[in-house]
Protein chains: 2
Amino acid sequence: MGRGKVQLKRIEDKTSRQVTFSKRKGGLMKKARELGVLCDVEVALMIFSDQGRLYEFSSAERLAFLELSHTLPPSSNKKQKVLS
Amino acid sequence: MGRGKVQLKRIEDKTSRQVTFSKRKGGLMKKARELGVLCDVEVALMIFSDQGRLYEFSSAERLAFLELSHTLPPSSNKKQKVLS
DNA sequence: CAGCCTATGTATAAATA
DNA sequence: TTATTTATACATAGGCT
């Protein structure tokens, strides 16, 4: 989307990679949420970045264990950050 | 997208709900894969439908446990189907 | 660096086959 | 009912602030 076509490879420039990560993470979570609501299914989305753990789910019950059973990203030595 | 605007509520018509599920599931997985590659992060996407379990991940190592630690959807009494 | 803007690329709702 | 075809809505890359 946007002005240029997307190449399916790691974005080398750190700044653009961070910007793209932020934009696409938001879009992906929105879509995951929509799929859950529109189609009445349970969806879990987990994204591990260098900063911490991010996740999304539309129906907590069956998926709540995900919060507890994962391992911490090795690069993270701080308390993990949990975002909606 | 498409011809009509989207209402963020459960699609009541079973046929449209199934059609929408199929289309959006594909789109969501594609985007999840792209985010993982472009931004060099680990992504896991799990969708529980009535049919079975679907999942996606860009980096198997840390997330492989997801395959084993989840519980089966109660509505599924057949062997689960695993898709890429 | 976090937002805002907007031209363009994509995803997809409906319609149709 | 599933596959293909548009017309549109939506997401977002690159620029700019």
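This text goes with the structure placed above it.
Residues numbered from 1 in each chain as written. Chains lettered and ligands numbered in written order. Predicted model: local features only at pLDDT ≥ 70, side-chain atom pairs only at ≥ 80, totals over all residues. Heavy atoms only, no water.

Draft legend 1. Structural view of the protein's contact with DNA strand D. Around DNA strand D, a shell composed of 16 residues is seen, among which Gly2, Lys23 and Arg24 of chain A together with Gly2 and Arg3 of chain B lie nearest. Considering DNA strand D, the proportion of its atoms within 4 Å of the protein that are sugar or phosphate atoms stands at 69%. Here a sugar or linking oxygen of DNA strand D sits 3.0 Å away from a polar atom, N or O, in the main chain of Met1 of chain A. The backbone of Gly2 of chain B places a nitrogen or oxygen atom 3.0 Å from a base oxygen of DNA strand D. Counting residues per element, the ones that place at least two in the surface near DNA strand D are α1 (14-39) of chain A together with α1 (14-39) of chain B. No other element matches the six residues that α1 of chain A contributes to the surface near DNA strand D. Residues belonging to the surface near DNA strand D are distributed by class as follows: two nonpolar, six polar and eight charged. (Near = heavy atom within 4 Å. Polar contact = N/O pair within 3.5 Å; in protein donor to acceptor, adjacent residues only side chain to side chain. Helix = DSSP H or I, 4+ residues; strand = E, 2+ residues; numbered from the N terminus. Nonpolar A, V, L, I, M, F, W, Y, C, P; charged D, E, K, R; others polar.)

Draft legend 2. Layout of the protein's contact with DNA strand C. Taken together, 16 residues lie near DNA strand C, and Arg3 of chain A together with Met1, Gly2, Lys23 and Arg24 of chain B sit nearest. Restricting the count to atoms of DNA strand C within 4 Å of the protein gives a sugar and phosphate share of 69%. Per element, the largest residue contribution to the surface near DNA strand C is six residues, and it comes from α1 of chain B. Here the residues of the surface near DNA strand C sort into two nonpolar, six polar and eight charged.

Draft legend 3. Quick look at the pairing of strand β1 (residues 42-48) of chain B. For β1 of chain B, a buried count of seven out of seven residues is recorded, marking the element as mostly surrounded by other parts of the structure. The two faces of β1 of chain B match: Glu42, Ala44, Met46 and Phe48 of chain B on one face and Val43, Leu45 and Ile47 of chain B on the other face are all buried. Sheet topology places strand β1 (residues 42-48) of chain A next to β1 of chain B; seven bridges connect them, and they run antiparallel. In the strand pairing of β1 of chain B, Ala44 of chain A is matched with Met46 of chain B. (Buried < 20%, exposed > 50% of the residue type's maximum accessible area, 1.4 Å probe, protein only. Pairing = 2+ DSSP bridges.)

Draft legend 4. How the structure looks around the nonpolar core. Core analysis: the largest hydrophobic core is formed by 24 residues, its most contacted members being Leu35, Leu45 and Ile47 of chain A together with Leu35, Leu45 and Ile47 of chain B. Broken down by secondary-structure element, the contributors of at least two residues to this core are α1 and β1 of chain A together with α1 and β1 of chain B. (Core = buried A, V, L, I, M, F, W, Y, C linked by side-chain atoms within 4.5 Å.)

Draft legend 5. Geometry of the environment of Lys31 of chain A. Within the fold, Lys31 of chain A resides in helix α1. Overall, Lys31 of chain A belongs to the partly exposed group, its relative accessible area being 27%. Lys31 of chain A has contacts with Met1 and Leu28 of chain B, leaving out every residue within four places of it along the chain. (Contact = heavy atoms within 4.5 Å.)

Draft legend 6. Up close: α1 of chain B. Residues and elements named next belong to chain B. Taking 1.5 Å per residue, 26 residues should reach 38 Å; α1 reaches 37 Å between its end C-alpha atoms and fits that length. Here α1 has its buried residues at Arg17, Phe21, Arg24, Lys25, Leu28, Met29, Ala32, Glu34, Leu35, Gly36, Leu38 and Cys39. Backbone geometry just downstream of α1 places Asp40 in the positive-phi region, at approximately 55 degrees. (Expected span 1.5 Å × (residues − 1).)

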